[in-house]
Amino acid sequence: MQPRPLNEPTVSPDAPGVQEAMSYLHDRDMFPELLRFRNAGLLKCFAWVEEEVAMHMEQWEAKMAVQSISRLIQRVYEWYIAWEHAPAFMKHARGEYIALFRARWLACLPPSFTLGLRLFLRTTLPTLPANERLFHILEQLGISERFDKTFIDVMFDEVEQKILDTCPGMWREPRLDSIRKSAKDLEERWLTMVYGHMFVRTQNSENAMMMVTGRLDHFISRNLVELRTSEIFDIIVDFPDTLPAVQDLRLCMARSLYRPDFIEGLREVVNQRILQPAADTDDIITFYVSLIRCLRIIDPQGVILHKVAPPIRKYLRDRPDAVRCIVKRMTDENESFMQEGEQVVPIQQVHEPFDDYTDPHWLPEPLDAGADFRTTRPMDIVSTLVSIYDTQDLFIKELQHLLAGRLLAVRNSPLDEEIRNVEMLKMRFGEAPLQVCAVMLKDMTDSRRTNTHLHGEEPHPLYTTVISRLFWPTIQPVPLKMPGQFKTLQDSFEADFHKFKPDKNLKWVPQLGAVSLKLDLEDRTVEVEATPIQAGVIELFSEQNADTWNVELLMQKLGGIDRVLVQSALDFWIGEGVVKDEGHTYKLLERAEAMTGAPRPLMVEEAPPVDEKEKHQAEQMKIYWQFIQGMLTNLSSLPIDRIQAMLKFAPGYDRSVQELAVFLESARREGLVIFNNGAWKLAKK
Amino acid sequence: MHTNPTSLREPNSKSAQEPASSRPAAGSVTKRLGNELMGLMMSGSPGISAFPKTDANLFDWVGTIEGVAGTVYDNLKYKISIHFPSNYPFVAPVIRFETPCYHPNVDLHGNICLDILKDKWSAVYSVTTILLSLQSLLGEPNNDSPLNTEAADLWNNQEEFKEQVLRHYQPIATDD
């Protein structure tokens, strides 16, 4: 009856003599006595099991090898089986034995066993169906019951591992579905294995499984959101290639539970990676645009964007070149700010609160929407970018500037693209603000007409663009006097122009434009595109008996322009191999010479043609000019103080009478107004 | 923009009969008129223009309408006066031709018969739309409700009509 060590042979309960002894005891009703004796023996001998457990656990803690756990369970099970043997008549006492054994052995397990078991169970996952016996043992020893939480944890561990194995960096294909599927599959197999032994599938077990399923799904969503949040910067930057990852996020975020963390993560990324002085404005805008597109998928109502975007917008507002970048993109052919199905929304409407009462898919504002959140009109990207600024004036100004540069660069090619651009922008900004751009375009077409009128249809060496100064950014003329044949061309054009439009004053901006030159030299012909200054310099060289010049003389001959300009023009010709630097003088090379030394790097540094400060003033004056025109049309002629007083109707007018006088005087020189008897009036058209 | 509503005095206009209760709204009226002026200035519509008569009063404007090419009024400029009631835009502005205008819907005193200035008035109209309507009225009179029946009868004879137009027309005085 006494338990023995495992290595000692046990006496079979069916051995001769034992039966008789038992029935003897049974007859005398001494079983309870016997049971107590046996239990006392069991408790006394349990030290052996304890020793064994302690040994294996020590090994486990030392080496962290799951084999120790496996062996421990095997050994304990052997003890369990060995001591279970009891005479047949004591079968009814088996329950007591199991309870006693479980209680004793589980009590001597150290806390580190939980982790060991967890890791050990993980190793059994790949060969799950083959482990029927193991789970039987685990159940017998009461491990399944005591450590049920661990059994669930194992499953979570596995799912987490699966996410970590298959998801990081994988943004180009959807992952959520496959994870969910494999989790479902694992759960099915695992729970059946674990619980299948404890109880048959009853309503109860179904419920337990349902609960676990729900938790598992949460767990997947949370882990994936956490992972993707940590990767969000790259995901946004690579959008739309990362669309599947973004879609996954949307599905996971259907539970608003994870939104605060996601928003927090996003804000952090924005702060660390985007709102840095080192970040290029262009990149910031690109990121912002991608961010908008991503969040539109993740959270169509825009609450997250509403919480994340303000710092970016504020930062962009402080970047001086942001407007330029945005405008450049707006008008860039290759840049597509518009996605399919997007509607151009006039900017004025952007700030208005928007509720579409006819929308059948209307949803209430999400829980985490702040008090200042307003459902905004669905906006296209450009409107969103423009709405960074409180006023559109900046954009219009920048647009005008950009357009001026592009128009002046256009050589006689169709203006269709520019016209289309301006028309597109009119849809956004409205007709009025783009009036100036329209005038600029009109100047271009008018110029063509003028040229055709003056020169006929044949190509003429001089092509002029006549611009209305008030409507263009201020262009500072360089006091360049074109020499030789250029002068003749200019003069004849000027004379023709005055005949054609006698009421207009023509003022050259000689430094702008381009000249196609063909130089006939003794041994070769050189064909180049040059700036007017470069052309002027070489023209002087081509004069009779003047193949050697110094810089001072050139400057003087060209109307006293800056030394730097002459120098860079000379450098250009040296680079072309047409002129040679001979110390203080420059000589025309009628015969080509081998280049001495490396060609000088071309210093093509074009001074910005527009003066920033004056540009702003000219811009404002354009609006005031409309008002002056309006009052002079209707009130015929007015003295300057009346004009000044009336201009208070123009919003934001703050000029002094003196400034107005200067402006009117310049308008007079352009032939727009006439001054007569102390009053101003419009010139007759 | 400071406009003193009490300085609104137009002897023969209706302003004297307007209820005093509409006065406090003058601020928003001047704001609206300011916006309309801005809109008109920036609209760039050819041949129409208007501007307040003085800087002290936004309620009285002077306008100019040019006849559209291809109509008998081609190249003719007409001066008009516009008076905004203090409860504008709920009530139409009072508009009359200052330059004598021979036209079926304009009487000898310059009064105009145009539906949108009378019963069809709506607060969504603005100076710009009114001026455009007047400009098109010149070329397309409504001969069914004439103020000048003689002109209405003559309309079908465009040559003779034009003669009459020119006979009545006085070029806008310029002081040079």
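What you see as residue numbers is a count from 1 along each chain, following the sequence as written. Whichever chain is written first is A, and whichever ligand is written first is 1; the rest continue in order. Whole-chain, interface and lining totals are the exception, using all residues; otherwise, since this is a predicted model, local features are given only for residues with pLDDT of at least 70 and side-chain atom pairs are given and counted only at 80 or more. Each side-chain value is worked out from all heavy atoms of the structure, with water and hydrogens disregarded.

The name given to chain B in an unreviewed UniProt entry is Ubiquitin-conjugating enzyme E2, and the organism recorded there is Calocera viscosa. UniProt positions are given in the numbering used here, feature names are shortened, and annotations may be inferred rather than shown by experiment. Its UniProt record gives chain B the following Sequence similarities (unreviewed entry) comment, quoted word for word: "Belongs to the ubiquitin-conjugating enzyme family."

For chain A, the name recorded in an unreviewed UniProt entry is Anaphase-promoting complex subunit 2, with Calocera viscosa as its organism. Quoted verbatim from the Sequence similarities (unreviewed entry) field of UniProt, the annotation for chain A is "Belongs to the cullin family."

> Help me understand the overall build of chain B, please; the structure alone is not making it clear to me.
A run of H or I in DSSP counts as a helix once it spans at least four residues, and a run of E counts as a strand once it spans at least two, with each numbered from the N terminus. In terms of helices and strands, chain B carries 4 helices and 4 strands. Helices (α) and strands (β) of chain B occur, in sequence order from the N terminus, as α-β-β-β-β-α-α-α. The contact rule is simple, with two residues in contact once any of their heavy atoms fall within 4.5 Å. The contacts of chain B with a sequence gap of at least 6 include a subset with a gap of at least 24, amounting to 58%. Counting every atom, chain B has about 8,900 Å² of accessible surface; 52% of that belongs to carbon and sulfur. For every accessible area listed, the method is Shrake-Rupley and the probe measures 1.4 Å; residues are considered covered only by the protein chains on display.

> Can you help me understand the pattern of salt bridges in this one?
Once the charged atoms of two side chains with opposite charge are near each other, the side chains can pair. Criterion for a salt bridge: a side-chain nitrogen of Lys or Arg within 4 Å of a carboxyl oxygen of Asp or Glu. Applying the stated rule across the entire model yields 9 salt bridges over all chains. Here A:R449 and A:D446 are joined by a salt bridge, their closest N and O atoms 3.2 Å apart. Separated by 3 residues within a single helix, A:R449 and A:D446 lie in helix α20 (residues 435-455), roughly one turn from each other. One salt bridge connects B:R32 with B:E36, and the closest N-O pair in it is separated by 2.7 Å. Taken together, the residues span about one helical turn, with B:R32 and B:E36 both in helix α1 (residues 26-43) at a distance of 4 residues. The exposure class of B:R32 is partly exposed, given its relative accessible area of 24%. Remark: exposure states derive from per-residue accessible area (1.4 Å probe, protein chains only) relative to the maximum for the residue type, with buried under 20%, exposed over 50%, and partly exposed in between. Residue B:E36 is classed as buried on the basis of its relative accessible area, which comes to 8%. Bridged by salt links that share partners, the residues A:K442, A:D446 and A:R449 form one connected network.

> Is there a simple way to think about the environment of A:A309 in this case?
Within the element layout of this structure, A:A309 appears in helix α15 (residues 303-318). Remark: the alpha-carbon pair of A:A309 and A:Y288, spanning 21 residues in sequence, is separated by 8.0 Å.

> I keep staring at the UniProt feature "active site" (unreviewed entry) in chain B and nothing clicks. Help me out?
UniProt marks B:C113 with the feature "active site" (unreviewed entry), using the numbering shown here. When sequence neighbours within four positions are dropped, the list of residues in contact with B:C113 reads B:N105, B:L137, B:S145 and B:L147.

> Where do I start with helix α4 (residues 94-107) of chain A in this structure?
Each α-helix winds once per 3.6 residues, and so residues spaced three or four apart point in a common direction. Residue and element names in this part refer to chain A. One less than the number of residues in a helix, times 1.5 Å, gives the span that helix is expected to have. With 14 residues, α4 should cover 20 Å at 1.5 Å per step; its first-to-last C-alpha distance of 20 Å lies within 8% of that length. All of the buried residues along α4 are Y97, I98, F101, W105 and L106. One side of α4 carries all its buried residues, which in axial view fall inside an arc of 135°. Where α4 is buried, its residues contact α2 (31-63), α3 (66-84) and α7 (143-146). Regarding the arc, it is the one traced by the directions from the helix axis to the C-beta atoms.

> Just checking my understanding: could you explain the sheet that holds strand β4 (residues 579-582) of chain A for this structure?
Either a parallel or an antiparallel arrangement is found when strands of a sheet pair, and the pairing is made through backbone hydrogen bonds. All names here are of chain A. Strand pairing is defined by DSSP finding a minimum of two bridges between the two strands. Taken together, the 3 strands give an open sheet; going across it, the order is β3-β5-β4, and neighbouring strands pair in antiparallel fashion. Each of the sheet's edge strands pairs with one partner strand only, and the pair in question is β3 (548-550) and β4. When strand polarity is set aside, the average angle formed by the axes of neighbouring strands in this sheet is 30°. Bridge count between β3 and strand β5 (residues 585-588): 3 bridges; the pairing is antiparallel. Considered in β5, the bridge of W549 is made with Y586. Lines fitted to C-alpha atoms define the axes here, with helix axes fitted over just the stretch in contact, and angles between the N-to-C directions of these axes take values from 0 to 180 degrees. On the sheet, helix α22 (residues 532-541) packs against β3, β4 and β5 and is oriented at approximately 75° with respect to β5. Sheet strands in contact with helix α24 (residues 563-576) are β4 and β5, and its direction is about 115° off that of β4.

> In this structure, what is going on with the interface of chain A and chain B? I would like to understand it.
Interfaces are often sized by the accessible area lost when the parts come together. Contact residues are listed per partner, giving 21 residues for chain A and 25 residues for chain B. What counts as buried area is the accessible surface, traced by a 1.4 Å probe, that two parts surrender upon association, with contributions from both included. When chain A packs against chain B, close to 2,100 Å² is buried across both sides, 59% of that on carbon and sulfur atoms. Three residues, A:N634, A:K648 and A:F649, lead the burial of chain A against chain B; their summed loss comes to 33% of the area buried on that side. Linking chain A with chain B are 0 salt bridges, by the criterion used here. Between N or O atoms, a polar contact is any pair within 3.5 Å; within protein, one atom must be a potential hydrogen donor and the other a potential acceptor, and residues adjacent in sequence are included only when both atoms are from side chains. Remark: the boundary between chain A and chain B carries 4 residue pairs in polar contact (both at pLDDT 80 or more). Among the elements of the structure, α25 (612-634) and α26 (640-646) of chain A are those that each provide at least two residues to the side of chain A that touches chain B. Broken down by element, the residue count for the side of chain A that touches chain B peaks at 7 residues, all from α25(A).

> I would appreciate a short explanation of α24(A) in the present structure.
Residues and elements named next belong to chain A. The terminal C-alpha atoms of α24, which comprises 14 residues, lie 20 Å apart, in line with the 20 Å expected from a rise of 1.5 Å per residue. Where α24 is concerned, the buried positions are V566, A569, L570, D571, F572, W573 and I574. In this fold, the buried residues of α24 make contact with β1 (515-520), β2 (525-530), α22, α23 (551-557), β4 and β5.

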